[in-house]
Amino acid sequence: MLAWTKLFRATPSPAKPVWATIGAVLRGATARAVRPGIMSAMLACAVPAFAQSAAPAQQAEPFDVQQLFASTCGWCHSDAGRVAGKGPQLMDTQRSDEFLRNRIKVGKPGAMPAFGEAFTDAQIDAIIAYIRALKPD
């Protein structure tokens, strides 16, 4: 019981992290008996908070296909894909949706990077729909 009293009275300083304070208080047989429980409790409290904060952030960001195209694809597909640049013109392309999906996911060696890891299937479908809807400016 004495170790718990010391632990709760001990206050970490900026120069001494919490881990060092806990380690200084818990020594010997008491430390070996209590340390696993303390570590488990600390980890159990930390992990759910991190996991919960990650999911809403992804859902909160709306997907703007025009902005994505301008910032990612527009470097090579000029005028938002309406004219040829470093990459081909995409407006009025005769390529199939499956070809476009594969090209976006896998890329073309030496010409276009692969975006399969960067975009979800739903995002790639939105990009293809954007390409199909392109009209002269």
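Residues numbered from 1 in each chain as written. Predicted model: local features only at pLDDT ≥ 70, side-chain atom pairs only at ≥ 80, totals over all residues. Heavy atoms only, no water.

## Description of the environment of Ile-131
Mapped onto the elements, Ile-131 comes out in helix α7 (residues 121-133). For Ile-131, a relative accessible area of 5% puts it in the buried group. Here the alpha-carbon distance between Ile-131 and Met-91, two residues 40 residues apart in the chain, equals 6.2 Å. Apart from the residues within four sequence positions on either side, Ile-131 is in contact with Phe-69, Leu-90, Thr-93 and Leu-100. (Helix = DSSP H or I, 4+ residues; strand = E, 2+ residues; numbered from the N terminus. Buried < 20%, exposed > 50% of the residue type's maximum accessible area, 1.4 Å probe, protein only. Contact = heavy atoms within 4.5 Å.)

## Some details on the nonpolar core
Among the nonpolar cores identified, the biggest contains 16 residues, and Phe-69, Ile-104, Phe-119, Ile-127, Tyr-130 and Ile-131 are the most heavily contacted of them. What Tyr-130 contacts, discounting residues up to four positions off in sequence, is Val-65, Gln-66, Phe-69 and Ala-80. (Core = buried A, V, L, I, M, F, W, Y, C linked by side-chain atoms within 4.5 Å.)

## With respect to the packing of helix α4 (residues 65-73) against α7
Where α4 contacts α7, the axes come no closer than 10 Å and their chain directions differ by 85 degrees. When the axis of α4 is compared with that of α7, the two are roughly perpendicular. Within the contact between the two elements, α4 uses Val-65, Gln-66, Leu-68 and Phe-69 and α7 uses Ala-126, Ile-127, Tyr-130 and Ile-131. Tallied by class, the residues present in the contact of α4 with α7 amount to 7 nonpolar, 1 polar and no charged. (Axes fitted to C-alpha atoms, helices over the stretch in contact; angles between N-to-C directions. Parallel < 35°, antiparallel > 145°, perpendicular 65-115°, else oblique. Nonpolar A, V, L, I, M, F, W, Y, C, P; charged D, E, K, R; others polar.)

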